[in-house]
Amino acid sequence: MSTAKETKPVLIIGAGVSGLALGNFLLREGIGCVVFERRSREYVEHRQRAGVIDTRAARAFRKRGLEDRVSAGAPAEPNLGFRIDGRPRPLPLSVEEHREGRFCPQQVLVRNLITVFEQDGGDLRFDTDVTIEDHERPRVRLGDGSIVEGDFIAGCDGNHGATRTAIPEDRITRHTHEYGYAWLVILAEVTAHQQTLMAIHRRGFAAQFGRGPRASRFYLQCPLDDTTDDWPDERIWSELEARFGEPLTEKGAIVEKQLVPLRGEMISPMSHGRLHLLGDAAHIVPPMSAKGMNLALHDADIFAEALVHLYKNDDPSLLDAYSDTRLRDVWNYQALATWFTDTVHDAGDATYRGEFRHRVARADFERLYTSSTANRLLSEFMAGLN
């Protein structure tokens, strides 16, 4: 078995949004790195996920001269396309906060990040299993037995990845919150005619978001014990029409169905020695908040700044503070995610937590239309600026 050894300053595990953004940020600063990804290029480039880059993330790309290369897209619409009890009621948000946001499906962003990283000479390795070894220097062993050493490891490989499991359980605290219901997530060959379409309805929450020119993600709130067998295609289309309150103009082929229990998770601390966690490896927020991808980008921005400060100024203070800095910010957005997720679901479905919570949620939701202060706060959160 090969025992070849190479050295790179920063070893990035995972070619998702946080790993690829971090790699590009470091490359722009002249800091060497390598990105390892256990999946294939095809899988990574075609994985369908969320699609709005918030203002804060757009600024992170802009300050490194990457905005036009990786996040070009239509401006994020300054409103949320709600339908309440079958009737359209868009929720306007502050244009000032959202002026810099971009609509860019995650698979498009990922493909762009890969292209730019490779064009600029980045080292990206797909189909590569890594084992993180406890050694004097951070290092990983590849499937062929070769070793790559570095100064730091960035764990960007999700909440079941190698970097999370490399941290002893007695060195981290795991905080979790289960919302008590699931979303049936459907990928269908249907054109989305607006960036956001969300239904608050007594039968449960529903939504449609574009994922490409001929692809949409649909979401249906459902009980935790449902299975995909409970949801044949005919029932899906019927339920979507009932909750949206109007016929669907298009019903394309359904190519994927899965049940996703809504949950939140936080890992504390986000650092263990020279191993630092980013994105889903450190925190999970429910998709209702539209913050999963953006928090991963915020992590990459802050971690890259910390490494630049260390390598260029010989000052480790920002790196030492990385976990505390990010945890304060992410807990703030967990607060948003919890409130907004509960509000839009309770405002529709009274069977889960009762009529009292239903009416409270309706009052909370109505305040977003009638109070400029409440609306401005939500706008700041959605733009990543709170």
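Coordinates for the structure precede this section.
Residues numbered from 1 in each chain as written. Predicted model: local features only at pLDDT ≥ 70, side-chain atom pairs only at ≥ 80, totals over all residues. Heavy atoms only, no water.

S.K.: Could you give me a rundown of the packing of helix 12 (residues 354-370) against helix 13 (residues 372-383), with the residues and numbers involved?
M.R.: It is at 6 Å that the axes of helix 12 and helix 13 come closest, and there the two elements cross at 95°. Between helix 12 and helix 13, the interaxial angle falls into the category roughly perpendicular. In this structure, helix 12 uses Arg367, Leu368 and Thr370 to contact helix 13, whose residues at the interface are Ser372, Ala374, Asn375 and Leu378. Class assignment for the residues of the contact of helix 12 with helix 13 results in 3 nonpolar, 3 polar and 1 charged. (Axes fitted to C-alpha atoms, helices over the stretch in contact; angles between N-to-C directions. Helix = DSSP H or I, 4+ residues; strand = E, 2+ residues; numbered from the N terminus. Parallel < 35°, antiparallel > 145°, perpendicular 65-115°, else oblique. Contact = heavy atoms within 4.5 Å. Nonpolar A, V, L, I, M, F, W, Y, C, P; charged D, E, K, R; others polar.)

S.K.: Explain helix 8 (residues 233-244) residue by residue, including any values.
M.R.: Given a rise of 1.5 Å per residue, 12 residues ought to cover 16 Å, and the 17 Å separating the end C-alpha atoms of helix 8 matches this to within 8%. The set of residues buried in helix 8 consists of Ile236, Trp237, Glu239, Leu240, Arg243 and Phe244. Viewed end-on, helix 8 has its buried residues packed into an arc of 165°, placing them on one side of the element. Residues of helix 8 that are buried in the fold lie against strand 7 (82-84), strand 16 (173-188), strand 17 (196-200), strand 18 (206-212), strand 19 (215-222) and strand 20 (254-268). Residue Gly245 follows helix 8 closely and has a positive phi angle near 80°. (Expected span 1.5 Å × (residues − 1). Buried < 20%, exposed > 50% of the residue type's maximum accessible area, 1.4 Å probe, protein only. Arc of directions from axis to C-beta.)

S.K.: Summarise the environment of Ile84; cite the residues concerned and give the values.
M.R.: Looking at where Ile84 falls in the secondary structure, it is placed in strand 7. With 263 residues separating them in the primary sequence, Ile84 and Ala347 have C-alpha atoms 9.3 Å apart. Sequence-distant contacts of Ile84, that is, excluding residues within four places in its chain, are made with Arg89, Ile200, Arg362 and Phe365.

S.K.: Before we move on, could you go through the sheet that holds strand 11 (residues 123-125) and cite the residues and values that matter?
M.R.: The pairing of strands in a sheet happens through backbone hydrogen bonds and is either parallel or antiparallel. The mixed open sheet is built from 6 strands, whose spatial order is 11-3-2-15-22-21. Strands with a single pairing partner mark the edges of an open sheet, and in this sheet they are strand 11 and strand 21 (271-272). Bridging between strand 2 (residues 10-13) and strand 15 (residues 152-155) involves 4 bridges; their strand directions are parallel. In the sheet register, Ile12 faces strand 15, and the bridge partner there is Ala154. Contacts from helix 1 (residues 17-28) reach strand 2, strand 3 (33-36), strand 11 and strand 15 within the one sheet, and its direction differs from that of strand 2 by about 155°. Of the strands in this sheet, strand 2, strand 15 and strand 22 (275-277) are in contact with helix 9 (residues 292-313), which crosses strand 15 at around 170°. (Pairing = 2+ DSSP bridges.)

S.K.: Account for the pairing of strand 16, naming residues and giving values.
M.R.: Two elements, strand 16 and strand 20, share 13 bridges in a ladder whose sense is antiparallel. Pairing of Leu187 across the sheet is with Glu256, part of strand 20. Relative to strand 19, strand 16 runs antiparallel, the two sharing 7 bridges. Bridging from a neighbouring strand, Leu184 pairs with Leu220 of strand 19.

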